[in-house]
Amino acid sequence: MSNLEFDPHEYTGTLDKREDHAPGDVAEESAGHWVLNANLGLGFSVVLTVASFWAAGAHWIWGPAVPMALIVLAIAQMGVHLVYFLHITTGPDNTNNVLALAYGVLVVFLILAGSVWIMAHLADNMMPMDKLMDMAR
Amino acid sequence: MSDYDLPAAIATLRRVREDPNRLGRRGHGDAGPALGAGHGATGPASKRVIVGYGFWIFLLSDIVMFSCFFAAFAVQREATAGGPTISDIVDLRRVALETAALLLSSYSCGLSFAATNARNRLWTQVFLAITAALGLAFVLLEAQEFYDLVRNGVTPQRSGMLTAFFGLVGLHGVHVSIGGLWLATMMAQVQFKGFRTEIVHRLICFNLFWHALDIVWIGIFTIVYLIGAGS
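Everything quoted here is computed from the prediction, not taken from an experiment. (Residues numbered from 1 in each chain as written. Chains lettered and ligands numbered in written order. Predicted model: local features only at pLDDT ≥ 70, side-chain atom pairs only at ≥ 80, totals over all residues. Heavy atoms only, no water.)

Draft legend 1. Here's a closer look at the overall build of chain B. A count of helices and strands for chain B gives seven helices and zero strands. Counting from the amino terminus, helix and strand elements in chain B follow one another as α-α-α-α-α-α-α. Burial analysis of chain B (231 residues in total) assigns 52% to the buried set. Taking contacts inside chain B between residues at least 6 apart in sequence as the whole, the part at least 24 apart equals 73%. As displayed, chain B has an accessible area near 10,000 Å², and 64% of this comes from carbon and sulfur atoms. (Helix = DSSP H or I, 4+ residues; strand = E, 2+ residues; numbered from the N terminus. Buried < 20%, exposed > 50% of the residue type's maximum accessible area, 1.4 Å probe, protein only. Contact = heavy atoms within 4.5 Å. Areas by Shrake-Rupley, 256 points an atom, 1.4 Å probe, with all protein chains shown as cover.)

Draft legend 2. Fine view of the overall build of chain A. The helix and strand tally for chain A stands at five helices and zero strands. Along chain A, from the amino end to the carboxyl end, the secondary structure elements read α-α-α-α-α. When contacts within chain A are restricted to residue pairs at least 6 apart in sequence, long-range pairs at least 24 apart make up 56% of them. Split by element, the accessible area of chain A, about 8,400 Å² in all, is 72% carbon and sulfur.

Draft legend 3. Representation of unusual backbone geometry in the model. Residue and element names in this part refer to chain B. Of note in the backbone geometry, Ala81 takes a positive phi value of approximately 50 degrees without being a glycine. Tracing the backbone through its elements, the reader meets Ala81 in the loop between α2 (47–76) and α3 (86–89). Residue Arg119 is not a glycine yet carries a positive backbone phi of 60 degrees. Relative to the helices and strands, Arg119 is located in the loop between α4 (92–117) and α5 (121–151). Assessed through its relative accessible area of 35%, Arg119 is described here as partly exposed.

Draft legend 4. Quick look at the environment of Gly135(B). All names here are of chain B. Mapping Gly135 onto the fold places it in helix α5. For Gly135, a relative accessible area of 3% translates into the label buried. As a C-alpha pair, Gly135 and Trp210 span 75 residues in sequence and 9.5 Å in three-dimensional space. Leave out the neighbours within four places in its chain, and Gly135 touches Ser105, Val176 and Trp210.

Draft legend 5. Representation of the packing of aromatic side chains in the model. Residue and element names in this part refer to chain B. Going through the model one piece at a time under the given rule, you end up with 16 aromatic pairs over all chains. Geometrically, the ring pair formed by Trp123 and Phe127 is tilted, given 5.6 Å between the ring centres and 35 degrees between the ring planes. Of this pair, Trp123 and Phe127 both sit in helix α5, four residues apart, which is roughly one turn of that helix. For Trp123, a relative accessible area of 43% puts it in the partly exposed group. With a centroid separation of 6.4 Å and an interplanar angle of 55 degrees, the aromatic rings of Phe146 and Phe165 are classed as tilted. A residue pair is termed long-range when its members are at least 10 positions apart, and Phe146 in helix α5 and Phe165 in helix α6 (residues 160–193) qualify at 19 residues. Like Phe146, the residue Phe165 is buried in the burial classification. (Phe/Tyr/Trp six-rings, centres within 6.5 Å; stacked < 30°, edge-to-face > 60°.)

Draft legend 6. Fine view of the side chain of Asp214(B). Mapped onto the elements, Asp214(B) comes out in helix α7 (residues 197–230). Within the buried set, Asp214(B) has no salt-bridge partner at all; the shortest N-O distance to an opposite charge, 17 Å, is to Arg94(B). Setting aside anything within four residues of it in sequence, one finds Asp214(B) in contact with His81(A), Leu102(B), Leu103(B) and Ser106(B). (Lys, Arg positive; Asp, Glu negative; His and termini not counted. Salt bridge = Lys/Arg side-chain N within 4 Å of Asp/Glu carboxyl O.)

Draft legend 7. Representation of the nonpolar core. Counting 73 residues, the largest nonpolar core has Trp56(B), Phe165(B), Ile220(B) and Tyr225(B) as its most contacted members. Membership of the second largest hydrophobic core comes to seven residues, among which are Leu42(A), Phe85(A), Leu103(B) and Tyr107(B). (Core = buried A, V, L, I, M, F, W, Y, C linked by side-chain atoms within 4.5 Å.)

Draft legend 8. Representation of the packing of helix α3 (residues 65–85) of chain A against α7(B) in the model. For the pair α3(A) and α7(B), the least separation of the axes is 10 Å and the interaxial angle reads 175 degrees. Relative to α7(B), the element α3(A) is oriented roughly antiparallel. Residues Pro67(A), Leu70(A), Ile71(A), Ala74(A), Gln77(A), Met78(A), His81(A), Leu82(A) and Phe85(A) of α3(A) lie in contact with α7(B), whose contacting residues are His211(B), Asp214(B), Ile215(B), Ile218(B), Gly219(B), Phe221(B), Thr222(B), Leu226(B) and Ile227(B). For the contact of α3(A) with α7(B), the class distribution of residues is twelve nonpolar, five polar and one charged. (Axes fitted to C-alpha atoms, helices over the stretch in contact; angles between N-to-C directions. Parallel < 35°, antiparallel > 145°, perpendicular 65-115°, else oblique. Nonpolar A, V, L, I, M, F, W, Y, C, P; charged D, E, K, R; others polar.)

Draft legend 9. Spotlight on the pattern of salt bridges. Residue and element names in this part refer to chain B. The full count for this structure, using the stated rule, is five salt bridges over all chains. A salt bridge links Arg77 to Glu78; the nearest nitrogen and oxygen atoms lie 3.8 Å apart. What makes Arg77 buried here is its relative accessible area of 17%. As a salt-bridge pair, Asp91 and Arg94 come within 4.0 Å of each other at their nearest N and O atoms. By relative accessible area, which is 33% here, Asp91 ends up partly exposed. Ionic contacts of the salt-bridge type, sharing partners, join the residues Asp91, Arg94, Asp148 and Arg151 into one network.

Draft legend 10. Expanded view of helix α4 (residues 95–125) of chain A. Taking 1.5 Å of rise per residue, the 31 residues of α4(A) would be expected to cover 45 Å, and the 44 Å separating its terminal C-alpha atoms lies within 8% of that figure. By the burial criterion, the buried members of α4(A) are Asn97(A), Ala100(A), Leu101(A), Gly104(A), Val107(A), Val108(A) and Gly114(A). On the buried face of α4(A), the contacting elements are α3 of chain A together with α2 of chain B. (Expected span 1.5 Å × (residues − 1).)

Draft legend 11. The arrangement of α5(B) in detail. Residue and element names in this part refer to chain B. Taking 1.5 Å per residue, 31 residues should reach 45 Å; α5 reaches 44 Å between its end C-alpha atoms and fits that length. Among the residues of α5, those classed as buried are Thr124, Gln125, Phe127, Leu128, Thr131, Gly135, Phe138, Leu141, Glu142, Glu145, Phe146 and Leu149. Along its buried surface, α5 packs onto α3, α4, α6 and α7. With a side-chain oxygen lying 3.2 Å from the backbone nitrogen of Leu122, the N-terminal cap of α5 falls on Asn120. Downstream of α5 by a residue or two, Gly153 has a phi angle that is positive, lying close to 80 degrees. (Polar contact = N/O pair within 3.5 Å; in protein donor to acceptor, adjacent residues only side chain to side chain.)

This is the structure:
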């Protein structure tokens, strides 16, 4: 045995040797940890999904607030999936994953918000069809 | 003493032992922050990390593509051209079933990877089979939905809204179908090739793919179906 104060073989018997983590993959953890994560993810997801379907049919929520409530619930559930199913964490081994995700979210936001914003303005500034027909006469 | 004196692999092993939760600090002693973990001190990442990370980048680009279809639907929502509106074509009961099937398949997929990590072929196959069955149920429910709509004359060419609807929902359905083919391939590979390194890498990627599809479905059932049903 060398002058190491621990046994390296204890840690190399499992999968590859790893430094960083890729999403959906956590090193040196037992199957039980994965099962726990899956259970927690399923539990939170079921609660949020049921809440979504229920909020969509609820009549005592102020009508215009329902879409916003649904979007908030959806974002929460996406967060649950990222944490419990994809194993994205805030740890230093996850920096690259989180940065890539942040860039993806930025692009998605630009595409969605930009399209909706621009097209809504376009629709607002468009002359109503009947007036357009009147002018053409 | 410094970890720079040790070969990288040993420094990593030491770090795993001293810093199991990867918090970047040591429990005791006057040593500096832990090496590795993306700080460039332990050499290139392992193939497993590179494969998973590369697939993660692909998935993000896939989600960006989905966001274009979402944007198209959001913009075209009112463009019904006198045809059926989105609230006319939503069947919430079927959507609830589809959502349950996909969520449970995601769960069972996570369990299959737990079994993979434990190198248990039987349970890996059992959970992958459950994942496949639930994914198939999802695809069949969606096919039934499309069939019912088309039979009643609600086709993609009827209005801008329906083009965007069939485009977005159909694109997701195609993803799930192709994922199902991939899943069947993985089951065969696990059976006949066992838990070789590259097979495990493929299973990691498949897990990521399947969970990402569920994330996209959250967006679809919220934006298209639930908000659509209420409008």
